[in-house]
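Spelled out, the chains give:
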Amino acid sequence: MFQRLFLTAVLTPFLLIATASAEDLPAPMGRVILTVSGNIGVTNADGAAEFDLAMLDALPQTRFTTETIWTDKAAEYSGVELSALLDAVDADGTQLLMTALNDYAIDVPASEAVSGGPILATRVDGHPLSVRDKGPVWVIYPFDDKPAYKTEITYSRSIWQLKSIEVED
């Protein structure tokens, strides 16, 4: 898990004591597949939080099986819940501007980020999602578990090949 550290300085009569504490994520070791920016409190780049696959995998994972309108059959999708990702970067906003590799962009209310809601799927049936298979990150909702998600609005928010999330007021 990611540890948040805070640097505080304490001045004593004879020395300045610094205690560890910086609200930063570790730097990605692999290829960056997702960047979160905007109103966030935890970063590892200039005003942003960059994630490689291993970093996303280190966040709490969830999985569900669902059918989608884009696939032929039900499959098991796994990844981090959107709510957990936003918690990890200390996001504070009401809108999420999500952008795909092909520059498709959609505003998603931050209120969509709930437990049992959408995940940032990085795997289907246990296999990493490739760009060809709507990856490496696909925002997917548990359509079969919650039929209320079966709407045109939710389908438009199920962005695949997600590359960035900007947290806005």
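Preceding block: the structure.
Residues numbered from 1 in each chain as written. Predicted model: local features only at pLDDT ≥ 70, side-chain atom pairs only at ≥ 80, totals over all residues. Heavy atoms only, no water.

### Some words on the pairing of strand β8 (residues 105–109)
Covered by surrounding structure in β8 are I106 and V108 only, the residues A105, D107 and P109 on the alternate face being uncovered. Of the strand pairs in this sheet, strand β7 (residues 95–100) and β8 are connected by five bridges, and their pairing is antiparallel. Residue pairing for β8: Q95 is matched across the bridge by P109. (Buried < 20%, exposed > 50% of the residue type's maximum accessible area, 1.4 Å probe, protein only. Helix = DSSP H or I, 4+ residues; strand = E, 2+ residues; numbered from the N terminus. Pairing = 2+ DSSP bridges.)

### Looking at the sheet that holds β7
Neighbouring strands of a sheet are bound in pairs by backbone hydrogen bonds; such pairs are parallel or else antiparallel. One open sheet holds the five strands; their spatial order is β4-β3-β12-β7-β8, and the pairing between them is mixed. With partners counted over all chains shown, the strands left at the sheet margins are β4 (48–51) and β8, one partner each. Across the sheet, the mean angle separating the axes of adjacent strands is 20 degrees when strand polarity is ignored. (Axes fitted to C-alpha atoms, helices over the stretch in contact; angles between N-to-C directions.)

### Focus on the nonpolar core
The nonpolar side chains of a soluble globular protein tend to be buried, and buried together. Ranked by internal contacts, the top residues of the largest apolar core, which has 44 residues, are V36, F51, M98, L120 and I165. The element that contributes the greatest number of residues to this core is helix α2 (residues 82–88), accounting for five residues. (Core = buried A, V, L, I, M, F, W, Y, C linked by side-chain atoms within 4.5 Å.)

### Comments concerning a negative patch on the surface
A contiguous patch of negative charge, built from D87, D90, D92 and D169, is present on the exposed surface. Structurally, the position occupied by D92 is in the loop between α2 and β7. Residue D92 is classed as exposed on the basis of its relative accessible area, which comes to 60%. (Patch = residues over 30% accessible without salt bridge, like charges linked within 9 Å, V, L, I, M, F, W, Y side chains within 5 Å. Areas by Shrake-Rupley, 256 points an atom, 1.4 Å probe, with all protein chains shown as cover. Salt bridge = Lys/Arg side-chain N within 4 Å of Asp/Glu carboxyl O. Lys, Arg positive; Asp, Glu negative; His and termini not counted. Charge placed at Lys NZ, Arg CZ, Asp CG, Glu CD.)

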